[in-house]
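As a plain string of letters, each chain reads:
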Amino acid sequence: MGNTKQKDEIMLKMRNIHKAFGAVEVLKGIDIEVKRGEVLAIIGPSGSGKSTLLRCINRLSTIDQGSIDIKGQCLALTKPSGEVEYARPKDMRKILSCMGMVFQQFNLFPHMTVMENLLEAPMQVKKMPREEIQPLAEELLKKVGLYGKRDAYPAKLSGGQQQRVAIARALAMEPDIMLFDEPTSALDPELTGEVLKTMRELAASRMTMVVVTHEMAFAREAASHVIFMADGNIVEQAPPEIFFEHPREERTKAFLQNML
């Protein structure tokens, strides 16, 4: 029984999310729900609001309206007055700590070795002793195939290697949810494959993931659900086998024809 309950646990729930930058409405009432172990792929043209939506999940951007629940805890809600209220700072830190994020740019600390990059946040944020986090960090570097580079500095790594270190670094915080914002868009095509392989392995291990991507093959193979966004709206959503084989909306069909 306990297992089923955990499997059906809603890890992320967003309702009626609105976000504007000045007069430009970027998100126009978005609803999404992600259960434990699911991989949600968000695709769509540039400027459709995908990255903004992802940034709203972990409060890099604040919402103008709607509600966000992470693992059943309220991160943000809209009061009857119409004002958005976020969780208190202490509660918010706890809620946000269960998420890891990987960006387009690798954002590694250039003055630290690969290993030091992984150790930094658990030691600083979680106050974990080095000897406790080091075995996990070594394990993660093996997982992403970069244990041999543990003493190298980021400048000595290829873009694909740096992005795999960035994934390992996010995992070192032992998150329950991983967010990816176009993690391969800054990479040459031949380096993209190694990052996607790492992400596929994560998906296979039942890590809950929300991935903004333009990699259709990844969305088709690794996602449990695909959302197509355009102009700040969700145009269509379905499991990948239905989404890619039988898209309903003309806008989706046109987008997929251009991408595939």
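Residues numbered from 1 in each chain as written. Predicted model: local features only at pLDDT ≥ 70, side-chain atom pairs only at ≥ 80, totals over all residues. Heavy atoms only, no water.

Q: It is not clear to me how the side chain of threonine 52 should be interpreted in this structure. Could you clarify?
A: Following the sequence through the fold, threonine 52 ends up in helix H2 (residues 50-57). A residue is classified by how much of its surface remains accessible, and threonine 52, at 13% relative accessible area, is buried. (Helix = DSSP H or I, 4+ residues; strand = E, 2+ residues; numbered from the N terminus. Buried < 20%, exposed > 50% of the residue type's maximum accessible area, 1.4 Å probe, protein only.)

Q: Is there a simple way to think about the state of the cysteines in this case?
A: By definition, a disulfide is the covalent link that joins the sulfur atoms of two cysteine residues. What the rule picks out here adds up to zero disulfides. Of all cysteine sulfurs, the one in cysteine 98 lies closest to cysteine 74, which takes part in no disulfide; the gap is 13 Å. For cysteine 98, a relative accessible area of 10% corresponds to the buried category. (Disulfide = S-S within 2.5 Å.)

Q: Just checking my understanding: could you explain the packing of helix H4 (residues 114-124) against helix H6 (residues 159-171) for this structure?
A: Geometry of a packed helix pair, given as the angle between the helix axes and the separation of the axes. The interhelical angle for the contact between H4 and H6, taken along N-to-C directions, is 30°, at an axis separation of 8 Å. Here H6 runs roughly parallel to H4, going by the angle between their axes. Like other packed secondary-structure pairs, H4 and H6 cross with a definite hand, here right-handed. Between H4 and H6, the contacting residues are Val114, Asn117 and Leu118 on the first element and Val165, Ala168 and Arg169 on the second. (Axes fitted to C-alpha atoms, helices over the stretch in contact; angles between N-to-C directions. Parallel < 35°, antiparallel > 145°, perpendicular 65-115°, else oblique. Left-handed = near helix turned anticlockwise from the far one by under 90°. Contact = heavy atoms within 4.5 Å.)

Q: Teacher, can you tell me more about H2 here?
A: Side chains three or four residues apart in an α-helix point the same way, a direct result of the helix having 3.6 residues per turn. Most of H2 sits inside the fold, with six of its eight residues counted as buried. Listing the buried residues of H2 in full gives Lys50, Thr52, Leu53, Leu54, Cys56 and Ile57. Arginine 59 sits one or two residues past H2 and shows a positive phi near 65°.

Q: I'm lost on the packing of aromatic side chains in this one. Help?
A: Geometrically, a pair of aromatic rings is defined through the distance of the ring centres and the angle of the planes. For the structure on display, the rule yields two aromatic pairs. With 4.9 Å between their ring centres and 35° between their planes, phenylalanine 228 and phenylalanine 255 make a pair best called tilted. On the criterion of sequence distance, the pair formed by phenylalanine 228 in strand S10 (residues 225-230) and phenylalanine 255 in helix H10 (residues 250-259) is long-range, its members being 27 residues apart. Assessed through its relative accessible area of 1%, phenylalanine 228 is described here as buried. (Phe/Tyr/Trp six-rings, centres within 6.5 Å; stacked < 30°, edge-to-face > 60°.)

Q: Is there a simple way to think about the sheet that holds strand S4 (residues 65-70) in this case?
A: Note: strands within a sheet are paired through backbone hydrogen bonds, in either parallel or antiparallel orientation. Strand order across the open sheet formed by five strands is S2-S1-S4-S5-S6, with antiparallel pairing between neighbours. Every other strand in the sheet has two partners, leaving strand S2 (24-35) and strand S6 (84-86) as the edge strands with one partner each. The mean angle between the axes of side-by-side strands here comes to 15°, regardless of whether they run parallel or antiparallel. By the bridge criterion, five bridges tie strand S1 (residues 10-21) to S4 in an arrangement that is antiparallel. When the bridges of S4 are listed, leucine 12 appears paired with isoleucine 70. Strand contacts of helix H3 (residues 89-96): S4, strand S5 (73-78) and S6, with the helix running at about 120° to S5, the strand carrying the most contacts. (Pairing = 2+ DSSP bridges.)

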